Amino acid sequence: MRLIVALLAALSVATWSLPATAARVQELNRIVAIVDDDVITYQELKDRLETIVAQLRQSKTPLPADNILQRQVLERLIVERLQLKMASRAGIRVDDENLNEVIGKIARDNGLTLAQFRQVLERDGFKFADFREEIRNELTISRLRSRQVESRIVITPQEVENYLAHRQAEGAEGTEYRLEHILIAVPEAARPAEIQAAKARAEELLGRLRSGANFREMAVSYSDGQQALEGGDLGWRKAGQLPTLFSEVALKMAVGAISDPIRSPSGFHILRLAEKRGETKHVVRQTHARHILIRTDAITSDEQARARLLRLRDRILDGEDFDRLARANSDDTGSASQGGDLGWANPGMFVPAFEEAMGKLAPGQVSEPFRSQFGWHIVQVLERRDHDDTEEHIRNQAREALRQRKMEEELENWLRRMRDESYVTIRLDS
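Fair warning: this is a prediction, and the values are worked out from it, not measured in the lab.

## Considering the side chain of Gln286
- Checked against the element boundaries, Gln286 lands in strand β7 (residues 283-294).
- A polar side-chain atom of Gln286 sits 2.7 Å from a polar atom in the side chain of Asn346.
- Of note is the side chain of Gln286, whose polar atom sits 2.7 Å from the side chain of Arg385.

Laid out in structure tokens, this is it:
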């Protein structure tokens, strides 16, 4: 989530001031945009500007002119506000329990307790209550996009086969690309004059880039793409994870090269190939295990399930056959007929509680009873192995690449339609 990254990047980085003309009136929390029946205030814009500038400085991206950056950040706030309003109408909300889990994970990922993380935020000028609401908004928008866009995307087995065949024919299945991107957008139902103006703007920008202008700075200043305020950086991706038009161009580009403008329904795109790298084999540590599950219900309590598994564990440790006991006692009908055998499993295949208990065992050991969302278990690890998972990994990546490609294309179109169909008035210069 880019806002989280931006906030964390901003810690201990000096803040940035708006231009002198704005600074003289900053005590007036005036309206800078009307979005349908809502407004965006100068203070909201100022707060987000400080965060974005800190992020850009952290990534050593040159800052554009103040007025250009203000308009870029304001446009992002407008699109966010439209999405939050749509989420509210759809009944999408993030409760405090889920929000606390996410913030706790952010703190742990940064090697901090929640209390320490809060202290760091407040030390560097971020109100913890405001931070919580920003994260809640990010999660809300993510759920909205999942419902409105991602849930409609279907990847068929034939698409995966076609994708892999195409990658293999081009010799690019093991190559990753890091592209930087600038979009000069056109409205959904643009008139010929608007299209020609956007094309001329893209060609003028291309001339500046090929004359030595910094690509990341130009992206921050002029791009209408979702990654504009990250310097247009699309990150590391395989060719198939890029929109089709981009992958066709990227395969033919040298590192450092800048593409001609590429026309799409969204507008005109300019690409720069920042880096390129290959891929190695994908080897995973697999575990072969078996288990016995006792479910809880109105008749069987947690205490009774645990006590029953303790007795079964003692019998196994005394030499009774795990296979026979699992067939006779396990409530997991899928594995009980196989003596509780779960087969070879990759990391992450089971729920976290099961993974954690299984991960602590040496081959041959039987766990103490433990609880998961399915009930109470005992598990025995039979063996472990290093497995070359490259082929399946490539197929999984192909499915994800196709999903990501469709998602980005659909998301761009969805956001553009939402923006074009909304009433938005910008009062930044008033």
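Now that the structure has been shown, the text picks up again.
## Some details on the nonpolar core
- Among the nonpolar cores identified, the biggest contains 32 residues, and Ile40, Leu45, Leu69, Val73, Leu74, Ile78 and Trp414 are the most heavily contacted of them.
- The leading source of residues in this core is helix α4 (residues 66-89), at nine residues.
- Those residues in contact with Leu69, other than ones at most four positions away along the chain, are Leu49, Ile52, Val53, Leu56, Pro64, Val220 and Leu229.
- If you look at the next biggest cluster of nonpolar residues, it comprises 15 residues, including Ala190, Phe215, Phe268 and Ile270.

## Some thoughts on the sheet that holds strand β1 (residues 31-35)
- Pairing within the open sheet is antiparallel, and its three strands lie in the order β2-β1-β11. Since the sheet does not close on itself, it has two edges, and those belong to β2 (38-41) and β11 (424-426), each with one partner. If you compare each strand with its neighbour and ignore which way they point, the axes differ by 20° on average.
- In the sheet, β1 pairs with β2 via four bridges, with the strands oriented antiparallel. Within β2, the residue paired with Ile34 across the bridge is Val39.
- The strands touched by helix α3 (residues 42-58) within the sheet are β1 and β2, with β2 carrying the most contacts at an inclination of about 55°.

## Re the environment of Glu50
- Locating Glu50 in the fold gives a position in helix α3.
- Along the sequence, Glu50 and Gly125 sit 75 residues apart, while their C-alpha atoms lie 11 Å from each other.
- A polar contact of 2.8 Å, which involves the side chain of Glu50, links it to the side chain of Lys46.

## Considering unusual backbone geometry
- Positive phi is not limited to glycine here, since Asp36 has a value of about 55°.
- In this fold, Asp36 is placed in the loop between β1 and β2.
- In this structure, Lys60 takes a positive phi of about 60° despite not being glycine.
- Of note, Lys60 is situated in the loop between α3 and α4.

## Remarks on the sheet that holds strand β5 (residues 262-264)
- If you walk across this open sheet you meet the four strands as β4-β3-β6-β5, and the pairing is antiparallel. Pairing within the sheet leaves two strands with one partner each, and these edge strands are β4 (233-238) and β5. Between one strand axis and the next, the sheet turns through 40° on average, direction left out of account.
- For strand β3 (residues 176-185) and β4, the ladder comprises four bridges, and the chain directions are antiparallel. For Tyr177, the partnering residue across the bridge sits in β4 and is Arg237.

## Quick word on the confidence of the model for the protein
- Of the residues in the protein, 91% reach a pLDDT of 70 or more, and the chain-wide mean stands at 86.
- Per-residue pLDDT stays below 50 along residues 1-27; that stretch engages in 52 contacts with residues further than four places along the chain or on separate chains.

## Focus on the pattern of salt bridges
- Inspection of the entire model under this criterion finds 33 salt bridges.
- Two residues, Glu75 and Arg419, come together in a salt bridge whose shortest N-O distance is 2.6 Å. Residue Glu75 is found in helix α4, and its partner Arg419 is found in helix α16 (residues 390-420); the two are separated by 344 residues along the sequence.
- Overall, the relative accessible area of 21% leaves Arg419 in the partly exposed class.
- Between Arg399 and Glu392 there is a salt bridge; the shortest N-O distance is 3.1 Å.
- It is possible to trace a salt-bridge network through shared partners that takes in Asp96, Arg132, Glu133 and Arg136.

## So, the packing of helix α9 (residues 192-210) against helix α10 (residues 215-222)
- Contact geometry for α9 and α10: axes closest at 10 Å, N-to-C directions at 155°. Relative to α10, α9 is oriented roughly antiparallel. Regarding α9 and α10, the two cross each other, and that crossing is right-handed. Residues Arg201, Leu205, Arg208 and Leu209 of α9 touch α10, and the partners they reach there are Phe215, Met218 and Tyr222.
- For the contact of α9 with α10, the residue count by class is five nonpolar, no polar and two charged.

Reading guide: rules and limits
Residues numbered from 1 in each chain as written. Predicted model: local features only at pLDDT ≥ 70, side-chain atom pairs only at ≥ 80, totals over all residues. Heavy atoms only, no water. Helix = DSSP H or I, 4+ residues; strand = E, 2+ residues; numbered from the N terminus. Polar contact = N/O pair within 3.5 Å; in protein donor to acceptor, adjacent residues only side chain to side chain. Core = buried A, V, L, I, M, F, W, Y, C linked by side-chain atoms within 4.5 Å. Buried < 20%, exposed > 50% of the residue type's maximum accessible area, 1.4 Å probe, protein only. Contact = heavy atoms within 4.5 Å. Pairing = 2+ DSSP bridges. Axes fitted to C-alpha atoms, helices over the stretch in contact; angles between N-to-C directions. pLDDT = per-residue confidence, 0-100. Salt bridge = Lys/Arg side-chain N within 4 Å of Asp/Glu carboxyl O. Parallel < 35°, antiparallel > 145°, perpendicular 65-115°, else oblique. Left-handed = near helix turned anticlockwise from the far one by under 90°. Nonpolar A, V, L, I, M, F, W, Y, C, P; charged D, E, K, R; others polar.

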